[in-house]
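# Close look at the chain arrangement
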Amino acid sequence: MGALVSFAAVTAGAAGANAQPGADAGSTANAQSDANAQSAANAESGADAESGANAQSIDEARTAFKEGRFLEAADLAEALGTSVGYALAAQSLAVHGHYVAAGDDRKGFFERAMKLGEEAVRVDSTNQEAYYQSAHAVGRYSLTVGRFTALRRGLAGRVRGLLENALAIDPDFAEAHMAFGSWHAGIARAGRVARFLYKGNRESAVIHYERALELAPESMIVLLEYALNLPELDREDGRERAGELLSKAAGLPARDAFEALIHQDVLEALAEHEIGG
């Protein structure tokens, strides 16, 4: 699946959604006796306080992620018990497993990330980020078991389904298009049987990559992912354009610890590209 990662911001809207049931309860209670109204007001106040606590906690988790404290971010986000929290926890673990963990420990982090991605989807099946981070985790895990084992276990089909769900909810989800481009490129490389079973192809890879680039032209990860696959997707002009995309990505500032890791990937890819002539 390549460097499948998510940089889509986890929205703060979940906190407001959590507060909504309390507001509805307060409206109903106001139509009842004064005593019930007071009780509802107290409950609403408690709901607001809880929502505020959740917002503070998810902000803490996001801050930990931005500062590169990925395991702490995962623990803080998972403890919320929300789809947004589980998705961020899955992302944090996938990133930690790929960039920080020792080789023997990586698989365990990816397995935990997959479980949390599943929880994110279970808790809120309308959360596109949940599907995307679930796909991210499965994609990372598949790299630890090998391409053919991943295909045999149906992991490729699982990733495709998750990405399709993410894009069904949000057709303009740039990172999901990027990931789907990488998925198609990976299946195309895997051989005739994989292409037949999963319908992955170079043409679809290009379509998704171009859409991702259109939606997020300044995204470091989109530029990197497309550049890594372009030479094989376009054997005439792909290598030259890949160099242009990598050069553009290298000039972008890293806004947090995670993007700093991606930026290092970009610099390494650019150096290899230049050595290759």
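Going by the structure above, here's the rest.
Residues numbered from 1 in each chain as written. Predicted model: local features only at pLDDT ≥ 70, side-chain atom pairs only at ≥ 80, totals over all residues. Heavy atoms only, no water.

This next bit is on the overall build of the protein. Regarding its fold elements, the protein presents 14 helices and zero strands. Secondary structure elements of the protein, listed N to C terminal, follow the sequence α-α-α-α-α-α-α-α-α-α-α-α-α-α. The 277 residues of the protein split such that 48% are buried. Within the protein, contacts between residues separated by at least 24 positions form 63% of all contacts whose residues are at least 6 apart in sequence. (Helix = DSSP H or I, 4+ residues; strand = E, 2+ residues; numbered from the N terminus. Buried < 20%, exposed > 50% of the residue type's maximum accessible area, 1.4 Å probe, protein only. Contact = heavy atoms within 4.5 Å.)

In a regular helix each residue adds 1.5 Å, so 13 residues correspond to 18 Å; helix α13 (residues 238-250) covers 18 Å between its end C-alpha atoms and thus fits that length. Taken together, the buried positions of α13 are occupied by G238, A242, G243, L245, L246 and A249. Buried residues in α13, looked at end-on, bunch into an arc of 165°, giving them a common side. On its buried side, α13 packs onto α11 (202-215), α12 (220-233) and α14 (257-275). (Expected span 1.5 Å × (residues − 1). Arc of directions from axis to C-beta.)

With that settled, the discussion passes to the side chain of S134. Relative to the helices and strands, S134 resides in helix α6 (residues 128-145). Look past the residues within four positions of S134 in its chain and what remains in contact with it is G117, E118, V121 and L162.

No statement about biological role is implied by the geometric values presented.
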